[in-house]
Amino acid sequence: IKCAISAPNRSGSEPWRFIQLGAETVAKVADLNRELGGTEGSFMRWTNIPGWCVVTCSLMDDGSDEPHPEDFRSVSCAIQNFMLSMWSEGVGSKWTSGPVQKTAEFAKLCGVDQSKEVVVGVVWYGFARGGLQNTDRKQRQKTVEDVLSSMP
């Protein structure tokens, strides 16, 4: 989280909040997902995912139900920092933002005041079975040379 909150942000707004979910809350979220007709996906049951961190962004002060675009970008940077920091320590992660996270019920379960903040996503995290050395590295379609231009 220290790395996450080191992200650049608009005028020092620090628009993020991180909420670590325990097993009891995760079970309630999984139940909510089933009630809404969702599936838990093909990778693993939600209740088996070791770590859950809900990330929110502050809403604009004008009563809008949307965050300031620059604040949203800052929270996205914070999530990226969070995930890269975990990766550097051997912890795998996934940023997810499915439909259950957009509901008032999810917000209530997670202690999110929707009049002040919006859920940006959930970061699932944990150690890969057998360690990261046994994971398949994703092959990028583009190389550095494909995406980096130099001007005189």
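Above this text is the structure in question.
We now turn to the structure provided with this report. Position labels on residues start from 1 in each chain and follow its written sequence. At least 70 in pLDDT is required for a residue's local features to be given in this predicted model, at least 80 for side-chain atom pairs to be given and counted, and no such filter applies to totals for whole chains, interfaces and linings, which use all residues. Side-chain calculation: all heavy atoms of the structure are included, whereas hydrogens and water are not.

Our focus in this paragraph is helix 1 (residues 23-35). Relative to the 18 Å expected for 13 residues at 1.5 Å per residue, helix 1 spans 18 Å between its end C-alpha atoms, a close match to the ideal helical length. The contact rule is simple, with two residues in contact once any of their heavy atoms fall within 4.5 Å. To qualify as a helix, a DSSP run of H or I must reach at least 4 residues; to qualify as a strand, a run of E must reach at least 2; elements of each kind are numbered from the N terminus. Those residues of helix 1 that are buried lie in contact with strand 1 (16-21), strand 2 (51-58) and helix 3 (104-110). The first or second residue beyond helix 1 is G37, which carries a positive phi of 85 degrees. A helix's residues, less one, multiplied by 1.5 Å, set its expected span.

Here we take up the pairing of strand 4 (residues 117-126). Burial within strand 4 is extensive, with nine of its ten residues counted as buried. Bridge analysis of strand 2 against strand 4 gives eight bridges, and the strand direction is antiparallel. The residue of strand 4 that forms the bridge with V54 is V122. We call a residue buried when its accessible area falls under 20% of the maximum for its residue type, exposed when it is over 50%, and partly exposed in between, using a 1.4 Å probe and counting protein chains only. Note: two strands are recorded as paired if DSSP finds a minimum of 2 bridges between them.

Attention now goes to a nonpolar patch on the surface. In this scheme, patches are assembled from residues that exceed 30% relative accessible area and form no salt bridge. Like charges are connected within 9 Å, while nonpolar side chains (Val, Leu, Ile, Met, Phe, Trp, Tyr) are connected within 5 Å. Per-residue and other accessible areas follow the Shrake-Rupley method at a 1.4 Å probe size, with only the shown protein chains counted as cover for residues. The term salt bridge refers to a side-chain nitrogen of Lys or Arg lying within 4 Å of a carboxyl oxygen of Asp or Glu. On the surface, V144, V147 and L148 cluster together into a nonpolar patch covering about 310 Å² of accessible area. Along the chain, the position of V144 falls in helix 4 (residues 144-147). Owing to a relative accessible area of 55%, V144 belongs among the exposed residues under this scheme.

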